[in-house]
Amino acid sequence: MRELDNIDRQLISILRTDARTSVSDLAKKINVSRATVQNRLTKLEKRNIITGYTILVSTETDDTMSLVRAHMNIEIKGSSTKNVKFALMSEPSVCTIHTTNGRWDMLVELQTSSLEEFDRILCRIRGISEISASETSILLSSHQIRS
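1. Describing the side chain of Arg 40
With respect to the helices and strands, the residue Arg 40 is situated in helix H3 (residues 34-46). Side chain to side chain, Arg 40 and Asp 5 meet in a polar contact 2.8 Å long.

2. Description of the pattern of salt bridges
Taken as a whole and assessed by the stated rule, the structure comprises four salt bridges. Between Asp 8 and Arg 40 there is a salt bridge, and its shortest N-O distance comes to 3.0 Å. With Asp 8 in helix H1 (residues 6-17) and Arg 40 in helix H3, the pair connects residues that are 32 residues apart, well separated along the chain. Look at Asp 8 and you get buried, because its relative accessible area is 0%. Given the relative accessible area of 16%, Arg 40 is considered buried. One salt-bridge network, held together by shared partners, links Asp 5, Asp 8 and Arg 40.

3. Considerations on the packing of aromatic side chains
Under the defined criterion, the tally for this structure stands at zero aromatic pairs. A cation over a ring is seen here: Arg 103 above Trp 104, with NZ or CZ 4.0 Å from the ring centre.

4. Considering the nonpolar core
Ile 74, Leu 88, Leu 110 and Ile 125 are the most contacted members of the largest nonpolar core, which has 17 residues in total. Listing elements by their share of this core, those giving two or more residues are strand E1 (68-76), helix H4 (81-89), strand E3 (106-112) and helix H5 (115-126). Here this core gets five residues from one element, more than from any other, and that element is E1. With sequence-adjacent residues up to four places away left out, Leu 88 is seen in contact with Arg 16, Ile 74, Val 94, Ile 97, Met 106, Val 108, Ile 125 and Ile 128. Leu 11, Leu 15, Ala 27 and Ile 49 belong to the second-largest nonpolar core, a separate cluster that totals 13 residues.

5. A closer look at the packing of H1 against helix H2 (residues 23-30)
It is the contact of H1 with H2, at a shortest axis distance of 11 Å, that shows an interaxial angle of 125°. Between H1 and H2, the angle is such that the two are oblique. For the crossing formed where H1 meets H2, the hand is right-handed. Taking contact as the criterion, the partners of Ile 7, Gln 10, Leu 11, Ile 14 and Leu 15 in H1 are, on H2, Leu 26, Lys 29 and Ile 30.

6. So, the sheet that holds strand E4 (residues 131-138)
The four strands are arranged E2-E3-E1-E4 in an open sheet whose pairing can be described as antiparallel. Edge positions in the open sheet fall to strand E2 (94-99) and E4, since each of these has one partner strand only. Strand-to-strand twist of the sheet, defined as the mean angle between neighbouring strand axes without regard to direction, takes the value 20°. Where E1 meets E3, seven bridges bridge the pair, whose relative direction is antiparallel. Looking at the pairing, His 71 lines up with Glu 109 of E3.

7. Re unusual backbone geometry
The backbone phi angle of Asn 31 is positive, close to 60°, even though this residue is not glycine. The residue Asn 48 is not glycine, and still its phi comes out positive at about 60°. Within the secondary structure, Asn 48 sits in the loop between H3 and E1.

So, how was this worked out
Residues numbered from 1 in each chain as written. Predicted model: local features only at pLDDT ≥ 70, side-chain atom pairs only at ≥ 80, totals over all residues. Heavy atoms only, no water. Helix = DSSP H or I, 4+ residues; strand = E, 2+ residues; numbered from the N terminus. Polar contact = N/O pair within 3.5 Å; in protein donor to acceptor, adjacent residues only side chain to side chain. Salt bridge = Lys/Arg side-chain N within 4 Å of Asp/Glu carboxyl O. Buried < 20%, exposed > 50% of the residue type's maximum accessible area, 1.4 Å probe, protein only. Phe/Tyr/Trp six-rings, centres within 6.5 Å; stacked < 30°, edge-to-face > 60°. Lys NZ or Arg CZ within 6 Å of the ring centre and 35° of its normal. Core = buried A, V, L, I, M, F, W, Y, C linked by side-chain atoms within 4.5 Å. Contact = heavy atoms within 4.5 Å. Axes fitted to C-alpha atoms, helices over the stretch in contact; angles between N-to-C directions. Parallel < 35°, antiparallel > 145°, perpendicular 65-115°, else oblique. Left-handed = near helix turned anticlockwise from the far one by under 90°. Pairing = 2+ DSSP bridges.

Structure (structure tokens):
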């Protein structure tokens, strides 16, 4: 299977921010033709890298529409940070990847729409060969502190 290249990663990144971005705007933002964008999106969908387009609703708006959110701490074997980061970037449920110091090498923010989806993403991430250990905490509630 073909790895994701820079164009694929840029498309995914832009669509994570705004899934309603038009093909024309995507093409302008990454400086490729509309046909290239459409072909890439079709291929990403067929490979199940892009599994859908959605909106995010504030959990304060409607508790019945809340998402499963979590932080996953990851320990990486040797110096495979780049490979692990690349693999994580292709996971649609991964929102943010932080490299860290201390016990864990990475902190990954995850967001899924159900516990079943959450279970599948954990299995896929834990299956990355360069990951030696992980610890995941589901976020039960969040409180924004403003200064």
